[in-house]
Each structure stands twice: as C-alpha cells, then as structure tokens.
Amino acid sequence: MNESRANRSRALRSRWPVVRGGATRLWVAGIGIGLGAGLLARAQPPPAELAFFEKRVRPVLVEACYKCHSQSAGKHKAGLNVDSRGALLAGGDTGPAVVPGRPDESLLITAVAYQDAELQMPPDGRLPDEAIADLREWIRRGAVWPGADGEVDPLPARREFQITEADRAHWAFQPISQPEPPAVERADWVRNPVDAFVAARLEARGLDPAAPAPPLTLLRRATYDLTGLPPTPEETDAFLRDPSPEAYEALVDRLLASPAYGEKWGRHWLDLVRFAESNSYERDNPKPNAWRFRDYVIRAFNEDKPFDRFVREQLAGDELPDGGADGIVATGYYRLGIWDDEPTDREQARLDGLDDIITTTAQTFLGVTLDCARCHEHKIDPFPQADYYRLLAFFDNINHYRNGGPTDEATIFPEPGSRERYEEQLRIRERRREELRDEISEVEDRFRILYLADQGLEETSGDLAGLIAQHGPRLLGEMPAGAYAERRASLKALEAETVPVEKALCVTEAGRLPRAVHIRIRGNAHVEGDLVEPGFPEVLGFAPPVIPPAPEGARTTGRRSVLADWIVDPANPLTARVIVNRVWQHHFGRGIVRTPNDFGRQGSRPTHPQLLDWLASRFVQEGWKLKDLHRLIMTSNAYRMSSTGNTRGREVDPENELFWRFNPRRLTAEEIRDTLLAASGELNRKMFGPGIYVEIPPEILAGQSRPGHGWGESPPDERNRRSVYIHVKRSLLAPILESFDLPETDRTTPVRFSSVQPTQALGMLNGRFVRDQAARLAARVRQEIPDDPEQQIRRALRLTTCRPPAAREVRRGRELVEALQAGDALSPERAFESFCLLALNLNETLYLD
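All of these numbers come straight from a predicted model, not from anything done at the bench. (Residues numbered from 1 in each chain as written. Predicted model: local features only at pLDDT ≥ 70, side-chain atom pairs only at ≥ 80, totals over all residues. Heavy atoms only, no water.)

### So, the overall build of the protein
Stage number 1. Of the regular secondary structure elements, the protein holds 34 helices and 10 strands.
Stage number 2. Dimensions of the protein, computed from C-alpha atoms along their principal axes, come out at roughly 105 × 105 × 55 Å.
Stage number 3. Within the protein, buried positions represent 52% of all 849 residues.
Stage number 4. Considering only contacts within the protein whose residues lie at least 6 apart along the sequence, 70% involve residues at least 24 apart. (Helix = DSSP H or I, 4+ residues; strand = E, 2+ residues; numbered from the N terminus. Buried < 20%, exposed > 50% of the residue type's maximum accessible area, 1.4 Å probe, protein only. Contact = heavy atoms within 4.5 Å.)

Listed below in structure tokens is the structure:
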C-alpha cells in the first residue's frame, strides 16, 4: 500500500469536515490533549473496539477478501487492498472502500451486501447477514484497526449549521423595501426623488451639494457616460445654443437612442461575464463565433431589452419557448471562460469549468461570493458548502466545453426569412443531386447492356465507373463517356459542399435526465459526499424549487430556466439591487455599494440604503428597463453637480461617501483609443461582426509561445473601428488598452483599476498608434484649414478638448510650433504634428469632470 496515498485518504475522510445534508456543518471542537480547540488528536483504540475488530471483522476480511485484495496474497484486484485501514480508506479504482462512521456510503458494504449488480463481493456468494451486520457496525464505530495504521481519527463532534436571525437580518438578504423619498430642507434642490435621498444624507452631516456643472462639462460627461465618445463640435455648438430647460433632457434622450450607447454599456456587461474570444493557457486558441455574444449584448442594450429577459436569455435562452436566435447566442455566456485543452484530470477540469460558471453567475447576477463555499463552509457569509453544490446542480448537466462542434455550436437564423432561404437552398441542392444521379444511372444502365453483349458476359464485376472510363468511348461514344465523367465529378463536388449557414457558440446539455450531484469533499472531484438537489441559498428563505420532469424528446433538463426565473423573481432581494448599483457605479464612479460583486458581510454596506432600495423597487415596477433608470439618474441634480470641492466637504467627507460633489475620472482604455480616432477623423463607426485585429508591435508578438499565432491582419479602415470590436485574445491585448487597465478576462471584473504608471505616458508620447493619430489629426486640420496656422491650432484644440480654446491657449500653441521649427529644425508639418500629439495628451482630453 502506498503510504502517502493512505495518508491522503485519511486526511480526506477523517480529518476534513464533511457537509451532511442541506444545513449541517461538522465541527472539530475540544478534541486533543495539549492542542487548541478545533484540532484533531490521535488516540489509541479502546480495548473493546479492538476486541470487536479481532473477533468479528478481521476473520471476515481474511476469509472473504484476502485472497484477491491483500499484500500477503500478492494480489490487488481493482487496485484495492483490505489488509490495512489506510488501504481501505484509500480504496481502489472505484473509490474509497470505507468511510469511517458512514456505512451507507462505504463501497465495502455496497459490495458485500450485493446492493449493486455491477459490484458484488465476494463473487462466489453473498456473505451471511450476520457478517455483513458486523462490518456495518465496525464502520459505524469508526473502522477501528490495531497497530501503527490503526490510530483512530475520532469523528468530529457535530453541530447544526444554523442560519441565525442575525444572518437573515443582513441588509442584502432583507426584502427590497419601497421607502418614500424623504422631506428635506433644500426642497428647491430636489429635481427628482434621487436628489431627496442624497440631500437627506448631506443635511444630516451639515453639507451642501456642489454647484451645478457648467453646460459644456455636463455635455461631455453625459456623452462619454452613455456613448464612450466625445461630443462633436457640431453637437457641442447645438447644445450650447439651446437655452431651454429641456435641452439637457433632450440630450440624454438623444444619447440613449444612439447606437453608440449599446457599444459603451455593452462593454460594461462584457467585463462582468469575463468576455474573451480565446481559451487562455499556452495555445490560447480562438473560441468559435464568440463575437456573436458581444454583438448580442450590444443589441440588447440598444433595444432596451428588459433586464429580466436579458438574464433569462443568457442563463436559459435555449430553453425559452420564444428564445429564437437571441436565446441561442445569449447562452454563449457559459462558454466564455478559460479552457484547458489538455487537462491531467478531466473530471476536475469539468468541475473547474462549472466553478467558473457558478462564480460568474453568483457574483454578476446576485452579488454574492458563493464560490468561496466550493471546498468548505463559507468563512464569512452564511453559505454552507451544500449551497454551492445546490447551485451547481442547476448547471451540472451542461456538456463540458470542447471548443466547437455539436456540443458547443448551433445553427441560427438571425434575420427574418433566413431559415426559409436556407431550406430553399437545401431543396435546390437536393434536386440537383437527384438530377445528376438519374443522369449517371441512365448512362450506367446503357453501358452495362452494351458491355455485357460486347464481352459475352451475363453480369459485370468490378468498378463500373472504371469500366466506363476504359470501354465507354468505344461503346458509348466519346461525348457520352466524357459527359458521364463530368457528371460524376459534379456530383462528388456537390456532395462535398455545404449550404452556408450561420453558427453560434452556445450551451448544450447531456440530455433531459440530470445526473446525480454530490458535494465534493474539500472540492476534490473524486471524493463524493452527500447527494444534493438543486436549490437556492438557504439564508434567503426560499422554498426548494419545483422542477417539472423534462418531456420526452427534450434536449435539456429545464433546470436552468428554473434558476433564471428565481434570479429575476421580484421577491429575490439581490438581483435588482445589484444591477441598479452597477448603473449608479458607472455614472458616479462608484456604487452605492462599493463592492458591486459582493453584497455579503465581507463587502461594503450601502452608503444610501434607502436610495438603493427605492431605485431597485422602482426598476422592477417599471419593467426592468435600463434606459429609464439612466434617464432618472442623469436628470437628477446629484448627477449634474460640479466636481469642484470645498473645505467643509473635504473635512467632513474626504472620500465623497455622501456624493456632495461629482467624482472626476479618467477615460477608460477604450474611450481613450476611440477618442484619438474620433479626433483624427479616422474612427470607423461600422458595427458588429467578427473581431478586428489591430497592429501589435513585433516585439510584443515575439513574447508569445508561438509568436503571432492567432492574431490576424485587418484592413486599415477595419483597424479603426471602435475598441469594443477588437478581437479579445487573452494572452495578447492591444498595448494601449492593456496599459490603461483593460481588465483581465479570466474572471468577472466588477470594477476596473485606474492606475497611473510610466508606460502610459511613454505609450501616449512614443507609441506608434498615438503618433499615427497625431499625424492624421494634423492632416485633417490642414485639409479643413489650409493656410492659417493660428486657426489650425484652434481647430486641433477644439477637436481634442471639445471646447473653443482661449486666446492665450492659441497663442501658447503658436509659440510652441514656432519654437519646434526654430529650435529643433522641424518642418512646419512635423512641428504641427508634435503640437497635435501634445493636444491628444492633455489632461483635459483624457479626463472628465
């Protein structure tokens, strides 16, 4: 018996706590002399237990098992030894033979009691009932064994994992309330109920809200927040010329109706669902048609698809009766994670893939870190390990990802009439196939008659096509024989062709019948604990789900639909709070809850709990519409505040927890790149389709395990499309995006970093892409204003900062250009390009107030 294997098994089965049932936790408490509470001590077996083993158990093992499963016999059939406790705990090919204290889960009892037709030991006849009862009793008592290997691991003392009232009272697990907007002293500042909740907190601390932001600041803020692009000079002029009170509301409506809205807000969602188009690991090969999921998300935001429908489509779109192409494409959600194409342990890899799904689902939709309960009870939140596996049971029947093929891809018909056109092409193809076969058969029948007569035979033998090639010109004539060969070639080519059809990356299941799901002890794929059924976190107090049996012919269990329905149930206290908090986060720089993926005890408490609940309840009542939520938030005075601080505010609330002013921010990585392209006039606004490949310096490509592998080359105009359409290869990100904190794609990203580091400045001054855009900006301005250097400087600053520059700014720009010409001997063209590079690097270009 391998000593380390026995030790590992002992650790798995005797020393590690085991979840038992839906709400039970095993604890080690007060066991051991001279050891702290919670540690296990070794104890010698009591004499009575040893006597029971020697008289009632060892003889059975020796007589019934040793001849095939012992060191003394030199046989270890099925990898099993029974001549030591460690060997029984380690087990053989089918798993541990003995689970101390749990005879019903011990394979030894299953085998000797003939409970499984495929596992019956000894094979030459069942043991007497008395012997089986003795073995059961021995295991129930802890499977005592004398000698060095017989040290007993005492069974841990057990106490119920009770969900306490304090657990249920956690703010995020309480039902969403519907508070009335509070009355405030500064009623004149309250434009809508959002302001009332914000003002109430400010007044309680003796703070005043900041002054309104200037119109140009507000225009730029709103335009970037909703579209990720700067306002054009024409849009700026139109907004500033309109003095009406409705001008700003009309601006918000126009931006929400812009196709760029979906590109901007779709990118926020892609961060959450770990969107990427490759698999990671060494080869990092592409995922087939992953780009369709990105397009689906952009369209969903632009169409203002109700959020509850958006959730259902991603989790169970293939099970929706009206799911259509969107329902299939949306389930690509399940296939976006990393994938190891050569795992050493396939079952562990399968469970790792499911863990990625559980992590993303629980954190993205529910804002809880249920993944922390994979191997043990959650250390902070009231989630027993069984909660994790109850959630896993909704997903367990999903086919493990294989990077394409029938279990990962499905045919879709996204456009009206596309199915009918496809089916018509199939019919045309089939008619042509039948025509060719008939013509070929006609020639073959005629040839057979002529050939038999010519050769004096009664029937042909061998390859008929070969005979026609050899004798056909003589018997049929040159033309008929040639036509026969052409028709055969045409038929072969036709059968090799396929009618073009669109495919989508999607989820599939292993049929309509679910597999049994067990808790995995310590997360080990090969050590099963108790059986669990699909269910919801116990602390939330929901009844177990009712899952109707899937009908005959169904391709899935239907479990994912049940989960999706529960997630968007208005009674669920988490989902609506989580999504409205995310929307607030992307408008104000942080959420009402600063930890948007963790609403548990480890996360932050809401700074404005009543505001959060009011927004969440209204969001559900108004039909889960995100654009309405944007409009409500953005038309509040809270959103329209200036970012300018004051002494009182900085003293009382330096972190701006109470939103007494607006938080300035730097543009995101995509916004920076898209702004450069917009300023230069090179931005290609084409939407959708496969990802594009931007230019990446050869020295960066050289860092790959296979330099350049998996990175294509797009035409120049395609390379200038918006950053959301850049192909997302996990091991190879566009340098300008990576430098400015594009998130890593292996896990859900709720909040992006906003770092300041040297490579950002170096890239913005020396990077090829930025310098190219500076040159194109200079060329654009020279073309628009050919012979007026001062107006050229004015235009360049207008295109980069979105405002008319002051006279002194133009003068300083003119002085810089002249100094570059005189001091550095640059041509007027090169000097102006350098000025444009400076304009693209201005804080005013790269930051929002």
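### Overview of the packing of helix α29 (residues 758–766) against helix α30 (residues 768–784)
Stage number 1. Look at α29 against α30: their axes get within 5 Å of each other, and the N-to-C directions meet at 40°. In terms of their interaxial angle, α29 and α30 are classed as oblique. Every residue of α30 that contacts α29 at Gly 763, Met 764, Leu 765 and Asn 766 is listed here: Arg 768, Val 770 and Arg 771.
Stage number 2. In terms of residue class, the contact of α29 with α30 is built from 3 nonpolar, 2 polar and 2 charged. (Axes fitted to C-alpha atoms, helices over the stretch in contact; angles between N-to-C directions. Parallel < 35°, antiparallel > 145°, perpendicular 65-115°, else oblique. Nonpolar A, V, L, I, M, F, W, Y, C, P; charged D, E, K, R; others polar.)

### A short note on the pattern of salt bridges
Stage number 1. Scanning all chains against the criterion turns up 79 salt bridges.
Stage number 2. For Arg 267, the salt bridge goes to Glu 670, with nearest N and O atoms at 3.7 Å. Taken together, the positions of Arg 267 in helix α11 (residues 259–272) and Glu 670 in helix α25 (residues 669–680) put the pair 403 residues apart, joining distant regions of the chain.
Stage number 3. Here Asp 674 makes a salt bridge to Arg 722, at a shortest N to O gap of 3.1 Å. Of the two residues, Asp 674 is situated in helix α25 and Arg 722 in the loop between α27 (716–719) and α28 (735–739); the sequence distance between them amounts to 48 residues. (Salt bridge = Lys/Arg side-chain N within 4 Å of Asp/Glu carboxyl O.)

### Here's the deal with the confidence of the model for the protein
Stage number 1. This prediction gives the protein a mean pLDDT of 90; 93% of its residues lie at or above 70.
Stage number 2. Taken together, the stretch residues 1–42 has pLDDT below 50 and engages in 105 contacts with residues farther than four places along the chain or on a different chain.
Stage number 3. Low pLDDT (under 50) marks residues 148–159, which in the prediction has 39 contacts with non-local residues, meaning those over four places away or in another chain. (pLDDT = per-residue confidence, 0-100.)

### A look at the nonpolar core
Considering soluble globular proteins, one finds that nonpolar side chains tend to be buried as a cluster.
Stage number 1. Ranked by internal contacts, the top residues of the largest apolar core, which has 119 residues, are Trp 269, Trp 584 and Leu 615.
Stage number 2. Looking at which element gives the most residues to this core, the answer is helix α16 (residues 385–395), with 8 residues.
Stage number 3. If we ignore the near neighbours within four places in the chain, the residues touching Trp 269 are Val 297, Phe 301, Phe 307, Phe 310, Gln 314, Thr 364, Phe 365 and Ile 579.
Stage number 4. Ile 696, Leu 732, Val 781 and Leu 837 belong to the second-largest nonpolar core, a separate cluster that totals 41 residues. (Core = buried A, V, L, I, M, F, W, Y, C linked by side-chain atoms within 4.5 Å.)

### So, helix α33 (residues 828–840)
Stage number 1. For α33, which comprises 13 residues, the first-to-last C-alpha distance of 19 Å matches the rise-based estimate of 18 Å (1.5 Å per residue) to within 8%.
Stage number 2. Of the positions making up α33, those classed as buried are Ala 831, Phe 832, Phe 835, Cys 836, Leu 837, Ala 839 and Leu 840.
Stage number 3. Those residues of α33 that are buried lie in contact with α25, α29, α30, α31 (789–801), α32 (807–824) and α34 (843–846). (Expected span 1.5 Å × (residues − 1).)

### Here's the deal with the packing of α11 against helix α12 (residues 291–302)
Stage number 1. At their nearest, the axes of α11 and α12 sit 7 Å apart, and the two run at 120° to each other. Judged by the inter-axis angle, α11 sits oblique to α12. The handedness of the crossing between α11 and α12 comes out as right-handed. Note on element contacts: α12 touches α11 through Phe 293, Arg 294, Val 297, Ile 298, Phe 301 and Asn 302, opposite Pro 259, Tyr 261, Gly 262, Glu 263, Trp 265, Gly 266, Trp 269 and Leu 270.
Stage number 2. In terms of residue class, the contact of α11 with α12 is built from 9 nonpolar, 3 polar and 2 charged. (Left-handed = near helix turned anticlockwise from the far one by under 90°.)

### What about the packing of aromatic side chains?
Stage number 1. Counted according to the given criterion, the structure contains 37 aromatic pairs.
Stage number 2. Between Phe 307 and Phe 619 the ring centres are 6.4 Å apart and the planes differ by 50°, which places this aromatic pair in the tilted class. With Phe 307 in helix α13 (residues 307–316) and Phe 619 in helix α22 (residues 609–621), this pair connects stretches of sequence that are 312 residues apart.
Stage number 3. Classification of Phe 619 as buried rests on a relative accessible area of 3%. (Phe/Tyr/Trp six-rings, centres within 6.5 Å; stacked < 30°, edge-to-face > 60°.)

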